[in-house]
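Each chain, written out:
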Amino acid sequence: MEDTHVAALLVRRCIAGDSAAWEELVERHHRRVYNICYRFAGSASDAEDLTQEVFIKIYRTLASYDVERGAFTTWLTTITRNLLVDHFRKTKQERRTDSLDAIPAEEADATPLSERIPDHAPGPEAKARSRETGEAVHEALQRLSPELRETVILRDLQDMDYRDIATVLKVPEGTVKSRINRGRAELARLLQRTYKQVI
Amino acid sequence: MQCLEFDALLSQAIDGSLSGEKLGSFEAHGRECRACGELLQEAEAGRSWLKSLGEIAPPPSLVTNILLRTSGVPRRARGNGLSSWLERLQEGAVAIVSPLAAAARQPRFAMSFGMAFFTLSATLSLVGVRLRDLRHLDLRPSAIRRSYYETSGRVVKYYENIRFVYEIESRVRQLKQATTPAEQQLDKQENHKGRENKSDRSGQPKQQEQRNYSQEGDQPVFAFLPDDPPVVPGATYRRLV
Ligand SMILES: [Zn+2]
């Protein structure tokens with residue numbers, strides 16, 4: 001997916017003090033880092049702060065990136081994840097237990113959850129519903145344990161393969177797979193429970 | 001197949017990367033074992049929910065802030081932010097100015113454009129604005145609005161003043177016309193016009209001169225303009241708008 005050679009060249013130029021190269025690197029990767037932070041930490045302001053911290057860290061430690069040991073995005077994701085762990089430890093998360101009932105009642109019918117997700121030709125109403133659905137999923141994600149949350153974010157939102165996720169999380173691939181299964185299932189249970197509460 | 005093996009293959013099965021005999025026995029266990037069947041359904045549903053989440057756009061200031069806190073080198077001109085705003089403004093100015101400049105190059109317009117510019121700068125200097133002061137101008141929208149109203153206020157006042165002078169002059173002339181013989185009156189008119197053109201340095205006489213060319217007869221212009229504003233200040237006022 002990533003052009004390793006181009007990334008390595010860009011990193012080398014950054015280390016040599018090329019500010020344009022650094023800007024290009026930030027432009028290329030900030031969306032990814034921001035999205036991981038947003039989905040893990042939950043809020044846009046935390047995501048913004050954390051993304052800045054990630055790039056400050058990268059700027060200071062760029063010389064330690066070894067092309068031979070893996071793709072740049074894997075290294076970047078590892079730094080992001082480590083900062084998220086620190087952030088999680090520092091901030092005592094206040095778990096919200098009451099806010100998932102924002103989902104409209106008409107969606108809470110008996111059809112399978114996966115079929116209810118709007119996937120084409122959204123009108124204004126469907127768009128609003130899709131936004132509310134997105135908010136509900138995002139909130140449910142915040143209620144997963146950090147281990148399950150980070151794994152499903154990397155797999156289903158960042159499309160990373162099992163091996164790279166295992167590298168980032170420093171756990172065996174089997175553990176990654178098991179966490180993905182449990183994370184997905186737990187999320188579905190949380191959302192289904194919410195729908196049942198609404199009914 | 002055991003439940004443990006089913007769990008190990010679950011994510012690959014959902015990815016669609018399971019096939020053949022393995023897939024067959026996986027599906028068979030899913031049907032036979034209630035717990036594993038439920039897990040499969042839930043995991044599939046959870047994946048669909050997650051896949052429904054789109055990418056979130058970071059705030060536009062994020063890259064700028066990162067660069068300020070790292071290299072300290074500001075962001076180059078891009079498709080968004082202040083720099084592109086300036087770029088767009090520049091493009092807009094060029095789009096407006098170049099057709100005007102093209103028109104101004106045509107001989108029949110060159111004169112009027114030259115006159116208009118002369119008039120504008122003359123009026124500005126009359127109301128106390130010097131072109132070299134323009135670079136000290138405060139360009140905040142509120143400041144621009146304030147100085148616009150101040151300037152246009154002064155233009156209006158100036159315009160009222162010269163209108164007053166002209167009216168007095170024309171009344172005096174009317175009085176003289178009524179009291180002096182015809183021949184003498186003609187001479188006086190000629191003298192008066194000559195003097196007027198020489199003494200006025202504001203640039204308006206030129207405009208009035210031009211206007212005079214299209215005027216019928218040789219009556220003094222201003223006597224007939226009590227309600228029709230003299231061209232110059234009025235035109236300048238409109239230009240400022
Ligand atoms: Zn089983």
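Details of the structure are given in the entry above.
Throughout this description, residue numbers start from 1 for each chain and increase along the sequence as written. Note on labels: chains are lettered from A, ligands numbered from 1, in written order. Only residues with pLDDT of 70 or above have their local features reported here, since the model is predicted, and side-chain atom pairs are shown and tallied only from 80 upward, although totals for entire chains, interfaces and linings are computed over all residues. Side-chain metrics rest on all non-hydrogen atoms present in the structure, leaving aside hydrogens and water.

## A look at the packing of aromatic side chains
Quick reminder of the rule: Stacked, edge-to-face and tilted are the three classes for Phe, Tyr and Trp ring pairs, Trp counted by its six-membered ring, which pair at centre distances within 6.5 Å; planes under 30 degrees apart are stacked, over 60 edge-to-face, the rest tilted. Under the scheme used here, helices are H or I runs from DSSP no shorter than 4 residues and strands are E runs no shorter than 2 residues, and both carry numbers assigned from the N terminus. Think of it in three bands: residues with accessible area under 20% of the maximum for their type are buried, residues over 50% are exposed, and the middle band is partly exposed, with areas taken using a 1.4 Å probe on protein chains only.
Following the criterion strictly, the structure yields eight aromatic pairs over all chains and no others. Taking the centre distance of 6.4 Å and the plane angle of 5° together, the rings of A:Y34 and A:Y38 count as stacked. With A:Y34 and A:Y38 both in helix 2 (residues 19–41) and four residues apart, the pair spans about one turn of that helix. Assigned by exposure class, A:Y34 and A:Y38 land together as buried. Note on B:F6 and B:F26: the rings are 4.2 Å apart at their centroids and 0° apart in plane angle, and the pair reads as stacked. Within this pair, whereas B:F6 is found in helix 1 (residues 3–15), its partner B:F26 is found in helix 2 (residues 20–32), the two being separated by 20 residues in sequence. Looking at B:F6, the relative accessible area reads 0%, which means it is buried. One aromatic cluster is present, formed by A:W22, A:F55 and A:Y59 through successive ring pairs.

## Some thoughts on the coordination of the zinc ion
All names here are of chain B. We count it as follows: Only nitrogen, oxygen and sulfur atoms count as donors, using a 2.8 Å cut-off from the metal that widens to 3.2 Å for Na, K and Ca. Water is left out, so coordination shells may look unfilled. A four-donor site is called tetrahedral if each angle lies between 85 and 135 degrees; a four-donor site is square planar, and a six-donor site octahedral, when trans pairs exceed 155 degrees and the remaining angles lie between 65 and 115; all other cases are labelled irregular.
Within the first shell, the zinc ion binds the protein through C3 (SG), H29 (NE2), C33 (SG) and C36 (SG), at distances of 2.1 to 2.5 Å. Coordination at the zinc ion is tetrahedral: its four donor atoms span angles of 100 to 117° at the metal. In terms of primary sequence, the donors binding the zinc ion are separated according to C-x25-H-x3-C-x2-C. According to the relative accessible area criterion, H29 is buried, its value standing at 9%. Classification of C33 as buried rests on a relative accessible area of 17%.

## Here we look at the nonpolar core
Note on soluble globular proteins: their nonpolar side chains tend to be buried together. Our working rule: Within this scheme, the nonpolar core is defined by two criteria: the residues are buried Ala, Val, Leu, Ile, Met, Phe, Trp, Tyr or Cys, and they are joined through side-chain atoms within 4.5 Å.
Counting residues in hydrophobic clusters, the biggest one holds 56 residues, and the most contacted among them are A:W22, A:I58, A:F72 and A:L187. Broken down by element, the residue count for this core peaks at eleven residues, all from helix 2 of chain A.

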